[in-house]
Amino acid sequence: MLVFGLDMPAYELKVNGSVRKVDVPADTPLLWVLRDALDLVGTKFGCGMSQCGACTVHLNGDAVRSCTTRVSAAVSGTIVTIEGLSPDGSHPLQRAWIKYDVPQCGYCQAGQIMTAAALLARNHKPTDTEIDEALTGNICRCGTYPRIRRAVREAAAAMRGEKLTDTGVDVTAGLASTTSCRQEEVRA
Ligand code: FES
Ligand code: FES
């Protein structure tokens, strides 16, 4: 909803189940609104050109690049960020991410999870090809792709009420130990 103010438009955004009011120019990227106005800093800035996926959030259930989505284009929609994916970090993807210690530096991981969540919302049994296609625009400079794929497959199985037995890849190879900061990246 657009609410006219004295200096600039005031928008009411539906973010993570709450209505939030922001006073910003219409062409402000949604990413800036989320991070700077609403302090939802789990969503990251990478390229600013829809090229890396670090800024991915959900708009009406679709994975979108918030760096190139104008706030004016998001006012009538429902926005979900990594902070709102689950109330307590218990989304199957977040659990699988922690189980397989997916992040390395962690910077890309919120975007990876949000893209994967949009995929699993419409496809509970994605093939590896479908996982790769869905996540192809999410760049990880640390090369965590094998662990991401494994975690997505595990989360999909959990959402189907199944236990994944086919490991496919050795997700434990070369991993450092889990750290609390990595787990925080997964949760928010
Ligand atoms: S920061 Fe949006 S796609 Fe890279
Ligand atoms: S974990 Fe470092 S960029 Fe993906």
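Whatever comes next refers back to the structure up there.
Cut-offs applied
- Residues numbered from 1 in each chain as written.
- Chains lettered and ligands numbered in written order.
- Predicted model: local features only at pLDDT ≥ 70, side-chain atom pairs only at ≥ 80, totals over all residues.
- Helix = DSSP H or I, 4+ residues; strand = E, 2+ residues; numbered from the N terminus.
- Contact = placed C-beta atoms within 7 Å.
- Buried ≥ 20, exposed ≤ 12 C-beta atoms within 10 Å, placed from the backbone.
- Arc of directions from axis to C-beta.
- Pairing = 2+ DSSP bridges.
- Core = buried A, V, L, I, M, F, W, Y, C linked by C-beta atoms within 7 Å.
- Domains from an automatic or database assignment.
- Axes fitted to C-alpha atoms, helices over the stretch in contact; angles between N-to-C directions.
- Parallel < 35°, antiparallel > 145°, perpendicular 65-115°, else oblique.
- Left-handed = near helix turned anticlockwise from the far one by under 90°.
- Nonpolar A, V, L, I, M, F, W, Y, C, P; charged D, E, K, R; others polar.
- Expected span 1.5 Å × (residues − 1).

Peer 1: Give me the lowdown on the overall build of the protein, citing residues and values where you can.
Peer 2: Summing up its helical and strand segments, the protein has 6 helices and 6 strands in all. When the helices and strands of the protein are read in sequence order from the N terminus, they spell out β-β-β-α-β-β-β-α-α-α-α-α. Pairs at least 24 residues apart make up 60% of the contacts formed inside the protein by residues separated by at least 6 positions.

Peer 1: Explain helix H1 (residues 30-37) residue by residue, including any values.
Peer 2: Because each turn of an α-helix spans 3.6 residues, side chains separated by three or four positions in sequence point in the same direction. Along H1, the residues classified as buried are Leu30, Leu31, Val33 and Leu34. The buried side chains of H1 occupy one side of the element, clustering within an arc of 170 degrees when seen end-on. For H1, the elements touching its buried residues are strand E3 (18-23) and strand E4 (56-59).

Peer 1: Describe in detail the pairing of E3, supporting the description with residues and values.
Peer 2: Bridging between strand E2 (residues 10-15) and E3 involves 6 bridges; their strand directions are antiparallel. Its bridge partner being in E3, Val15 is matched across the sheet by Ser18. Following E2, the chain reverses through 2 residues before pairing antiparallel with E3; Asn16 in that reversal takes a positive phi of roughly 50 degrees.

Peer 1: Give me the nonpolar core: which residues, what numbers.
Peer 2: In terms of nonpolar packing, the biggest core is built from 44 residues, with Leu93, Ile113, Met114, Ala116, Ala117 and Ala151 touching the most fellow members. Of all the secondary structure elements, the ones that give two or more residues to this core are E2, H1, strand E5 (62-65), helix H2 (92-99), helix H3 (109-122) and helix H5 (145-159). With 8 residues, H3 is the largest single contributor of residues to this core. Among the domains, domain 1 (2-84) and domain 2 (92-187) are the pair contributing at least three residues each to this core.

Peer 1: Mind laying out the packing of H2 against H5, listing which residues take part and the relevant values?
Peer 2: Look at H2 against H5: their axes get within 8 Å of each other, and the N-to-C directions meet at 135 degrees. One finds that H2 runs oblique with respect to H5. The handedness of the crossing between H2 and H5 comes out as right-handed. Two secondary-structure elements touch here, H2 through Pro92, Leu93, Ala96, Trp97 and Lys99 and H5 through Ala151, Glu154, Ala155, Ala158 and Met159. Classifying every residue of the contact of H2 with H5 by side-chain character gives 8 nonpolar, no polar and 2 charged.

Peer 1: How would you sum up H5? Please name residues and give values.
Peer 2: With 15 residues, H5 should reach 21 Å at 1.5 Å per residue; the first-to-last C-alpha distance of 21 Å fits that figure. All of the buried residues in H5 are Arg147, Ile148, Arg149, Arg150, Ala151, Val152, Arg153, Glu154, Ala155 and Ala156. For H5, the elements touching its buried residues are H2, H3 and helix H4 (128-134). Gly161 sits one or two positions beyond H5 and adopts a positive phi of about 80 degrees.

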